[in-house]
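The primary structure of each chain is shown beneath.
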Amino acid sequence: MKTFENFLTALDAGILTVSFNRPQALNAMNAESVREFGEIVDLVETDPAIRVVILTGAGPKSFVAGADISRMQSFGAFEAREFMLAGQKVLFRIEQSAKPYLAAINGYALGGGLEIAMACDLRYAADTATMGQPEIFLGITPGWGGTQRLTRLVGKGIAKEMVFTGERITAQRACDLGLVNAVFPKDQLLEEVAKVARKLVALPRDTMKMAKHAIETGYDMTNTEANLFETAICGLCFGQDEQREWMKKFLNK
Ligand code: COA
């Protein structure tokens, strides 16, 4: 894969690890990082060698400490809206991706950092990580989906508490709330997330893609529509190589 100014990438056995890499600013995202992030997400989609993506932060302290405040300070309304839209477009593409994204939250996941993690399919945190939507301290609201994905993940009451107060929560609290799937000791985080990724690589790829599609697309439908959509998705799996192979494997075992 080509090299990027604000990211490190490493591909190993179908697992692409992407590290946000602006440690001098705790990996805060500026417009150029957002552009590069979008480029990486597009490359993931078209490269058949990539089966699963892990997002993490370079450096010892941070996943992503949000959008770059030094750049945002002078934004006008339209410029700010463009920046928010550019980030949101990348996050939508992650949700619509055919491949699973895993967030390995190794430190601060604040503002846009938490919003990036929330667009991933699975989230794992270091025991020392903290998360929050601190935009209130800057006189703005979340702009990369924080009012929406957070509400859907933890419910209105907790989302409002986090967005209104701006206070950070611990990894363990995030896990208790269902905001992260599991917490690991910091020095074991990447290996534990890689274990999950290896498990996913070994499972039927197209079926997993369809399962993600059913969950993501069904989420915005009515319950009846979503369940009917699911029947169509499940029906589509039949007759495919993966269904034939995996059912045969089960019956022959
Ligand atoms: N944008 C731009 N720069 C940022 C940043 C951000 N979101 N978050 C951290 N940085 C920079 C700091 O300005 C500092 O730069 P400097 O060394 O040139 O002064 C460097 O990263 C280290 O941050 P520092 O604040 O010294 O580290 P800390 O460990 O004391 O505190 C945080 C860490 C994350 C609690 C604190 O940096 C913070 O609150 N950041 C802003 C988080 C935020 O509001 N995000 C949402 C933005 S919408």
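This structure is a prediction, so every number in the text was calculated from the model and none was measured. (Residues numbered from 1 in each chain as written. Predicted model: local features only at pLDDT ≥ 70, side-chain atom pairs only at ≥ 80, totals over all residues. Heavy atoms only, no water.)

For the rest of this paragraph, the subject is the overall build of the protein chain. From N to C terminus, the protein chain includes 11 helices and 10 strands. A globule of 253 residues ought to have a C-alpha radius of gyration of about 18 Å, and the protein chain, at 19 Å, matches this closely. The dimensions of the protein chain, computed from C-alpha atoms along their principal axes, are 60 × 40 × 35 Å. Across the 253 residues of the protein chain, 45% fall into the buried class. Within the protein chain, contacts between residues separated by at least 24 positions form 71% of all contacts whose residues are at least 6 apart in sequence. Summing over all exposed atoms, the protein chain offers an accessible surface of approximately 13,200 Å²; the carbon and sulfur share of this is 58%. Of the charged side chains in the protein chain, 28 are positive and 30 negative, and the gap between their average positions amounts to 3 Å. (Helix = DSSP H or I, 4+ residues; strand = E, 2+ residues; numbered from the N terminus. Rg over C-alpha atoms; globule rule 2.2 N^0.38 Å. Buried < 20%, exposed > 50% of the residue type's maximum accessible area, 1.4 Å probe, protein only. Contact = heavy atoms within 4.5 Å. Areas by Shrake-Rupley, 256 points an atom, 1.4 Å probe, with all protein chains shown as cover. Lys, Arg positive; Asp, Glu negative; His and termini not counted. Charge placed at Lys NZ, Arg CZ, Asp CG, Glu CD.)

In the case of a regular strand, side chains alternate between the two sheet surfaces. As paired strands, strand S1 (residues 7-12) and strand S2 (residues 15-20) are joined by 6 bridges and run antiparallel to one another. Looking at S2, one finds that Leu-8 is bridged to Ser-19. Count of turn residues in the S1/S2 antiparallel hairpin: 2 residues, of which Ala-13 carries a positive phi of about 50 degrees. (Pairing = 2+ DSSP bridges.)

The next subject is the nonpolar core. Among the nonpolar cores identified, the biggest contains 62 residues, and Phe-37, Leu-55, Phe-63, Ile-105, Ile-116 and Met-131 are the most heavily contacted of them. With 6 residues, the single largest contributor to this core is helix H8 (residues 189-201). (Core = buried A, V, L, I, M, F, W, Y, C linked by side-chain atoms within 4.5 Å.)

The next thing to look at is the site of the ligand. Lys-61, Ala-65, Ala-67, Ile-69 and Arg-168 are the nearest of the 16 residues found near the ligand. At a separation of 2.8 Å, an oxygen atom of the ligand approaches a polar side-chain atom of Lys-61. Separating a nitrogen atom of the ligand from a backbone N or O atom of Ala-67 is a distance of 3.0 Å. Protein burial of the ligand: of its 860 Å² of free accessible surface, 58% is covered by the chains. Sorting the residues of the shell around the ligand by element identifies helix H2 (69-72) and strand S6 (108-110) as the ones contributing at least two each. Residues of the shell around the ligand, tallied by class, amount to 11 nonpolar, 1 polar and 4 charged. (Near = heavy atom within 4 Å. Polar contact = N/O pair within 3.5 Å; in protein donor to acceptor, adjacent residues only side chain to side chain. Nonpolar A, V, L, I, M, F, W, Y, C, P; charged D, E, K, R; others polar.)

This part is about the side chain of Glu-95. Mapped onto the elements, Glu-95 comes out in helix H3 (residues 77-96). Residue classification places Glu-95 among the buried positions, given a relative accessible area of 16%. At 2.6 Å, the side chain of Glu-95 forms a polar contact with the side chain of Arg-149. Among residues more than four places away in sequence, those in contact with Glu-95 are Ala-119, Arg-149, Lys-212 and Glu-216.

On to empty space enclosed by the protein, then. Under the defined criterion, the tally for this structure stands at 2 cavities of 30 Å³ or more. The calculated volume of the largest cavity comes to roughly 40 Å³. Taken together, the elements giving at least two residues each to the lining of the largest cavity come down to helix H1 (31-46) and H3. When residues in the lining of the largest cavity are grouped by element, the largest group, 3 residues, is from H3. Class assignment for the residues of the lining of the largest cavity results in 7 nonpolar, 1 polar and no charged. Estimates place the volume of the second largest cavity at around 30 Å³. Lining the second largest cavity, in full, are Asn-6, Phe-7, Phe-20, Asn-21, Arg-22, Asn-27, Ala-28, Met-29 and Ser-33. Residues that form the lining of the second largest cavity fall into these classes: 4 nonpolar, 4 polar and 1 charged. (1 Å grid on protein atoms, 1.4 Å probe; cavity = no way out; pocket = protein on both sides within 12 Å on 5 of 7 lines; lining within 4 Å. Points joined across faces, edges and corners; volume = space filled by probe spheres on them.)

With mixed pairing, the 6 strands of this open sheet are ordered in space as S1-S2-S3-S5-S7-S10. In this open sheet, the two edge strands, each paired with only one partner strand, are S1 and strand S10 (182-184). The average angle at which neighbouring strand axes cross in this sheet is 20 degrees, direction not considered. (Axes fitted to C-alpha atoms, helices over the stretch in contact; angles between N-to-C directions.)

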